[in-house]
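# A look at the structure
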Amino acid sequence: MAVVDVHRFAESITCHAWSPDLSMVALCPNNNEVHIYKSSQDQWERLHVLEKHDQIVSGIDWSSKSNKIVTVSHDRNSYVWSLEGGEWVPTLVILRLNRAALCVQWSPKENKFAVGSGAKTVCICYYEQENNWWVSKLIRKRHESSVTSVAWHPNNILLATTSTDGKCRVFSTFIKGVDTKDPKAGSPAESKFGEQILQLDLSYSWTFGVKWSPSGNTLAYVGHSSMIYFVDDVGPSPLAQSVAFRDLPLRDVLFISEKMVIGVGYDSNPMVFAADDTGIWSFIRYIGEKKAESSGASYSSQFSEAFTKFYGQSKATTANEASESSKSRGGVHDNCINAIVSLSKAGSPKVMRFSTSGLDGKIAIWDLENMEEELGHQF
């Protein structure tokens, strides 16, 4: 089994992030607080409660180099928390938003972070040394609806976003005085701030969970129509693939390597997708699934099962069948998994450990070591 630890921290978890040494986890228990727990002798002890937001905290990211925590909330604010004398001290970031902040991520160099919002804008925040505060520049008039996720390219300049308008976009976030120009002449990283490099119209539904591969050569994101999309050669002539699967939609993804992706979502079990030697992506299996499901099942029965599970039929037999189906595929989470976080060092070509959190209030730690034979693919 790939699961090495499972702990229920709350009734529900909105988001979570790990400290640089992986000894502490910061999570939002579906309210306006951030709780920080430390692992000690197989027990989790709550050390701090960060109380500054007025509404639900929708995004947390913990920088691996500077040991700073950034949080965003539906109250339209963001705070950068620094550990001073054993206490976490917040610094307000002026986002200039009139709608909720929905997601946040530090850039690879940690000199910027990006905030997606319900105001159809993306805030790129950076520190102004002379004024001793965090300021933001806004990417406006590009999205037609809420920005659901953001992901930084390894070059620290390009930023990918997904939105409830069904599109995935890539922007340049080059800020003079903060970033240095890419030595490759004519590269997209030399574009001015806010310039749209690419717009992908592959989905006809809400899109979520955009991520870059470790090299930055491949982009992956998911649609609310039980689809996952892979894009190579991001630029003027991208190569895109769409993979449909029979079960409930995904919410987030994580590249394990250049050729393998883990997806999590409403089916409550991590799903494995992999590319073959020709670069064609496909669904492989669920992690922890003991036996591959029959491929001969009719499409109508597959659709009926997914429809029943998603809309929650009231019949007890249906609920029991759905529960048994979930258990046969792993059964670690009891509800939607809304986040997957790497537990490997930033920039690592492979991710052997990761964590998931969900609406069931659990955080699970997964280890893929020695699972290549079980999954049938090399990482």
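Residues numbered from 1 in each chain as written. Predicted model: local features only at pLDDT ≥ 70, side-chain atom pairs only at ≥ 80, totals over all residues. Heavy atoms only, no water.

A word on unusual backbone geometry. The phi torsion at Lys120 lies on the positive side, around 65°, for a residue other than glycine. In this fold, Lys120 is placed in the loop between β11 (112-117) and β12 (122-128). For Ser268, which is not glycine, the phi dihedral falls at a positive 70°. Positionally, Ser268 belongs in the loop between β23 (260-265) and β24 (271-275). Among the residues examined, Ser268 registers a relative accessible area of 9% and is labelled buried. (Helix = DSSP H or I, 4+ residues; strand = E, 2+ residues; numbered from the N terminus. Buried < 20%, exposed > 50% of the residue type's maximum accessible area, 1.4 Å probe, protein only.)

Looking now at the pairing of strand β21 (residues 239-244). With six bridges joining them, strand β20 (residues 227-232) and β21 adopt antiparallel strand pairing. Each bridged residue has a counterpart across the sheet, and for Ile228 the counterpart in β21 is Val243. Where β20 hands over to β21, the hairpin turn is made up of six residues, of which Asp233 adopts a positive phi near 55°. (Pairing = 2+ DSSP bridges.)

Per the UniProt record, "repeat: WD" (unreviewed entry) is found at residues 50-91 and 140-172. Between the first and last C-alpha atoms of residues 140-172 the distance is 13 Å; the span itself is 0% helix and 52% strand. (UniProt positions renumbered as here; feature names shortened; annotations may be inferred.)

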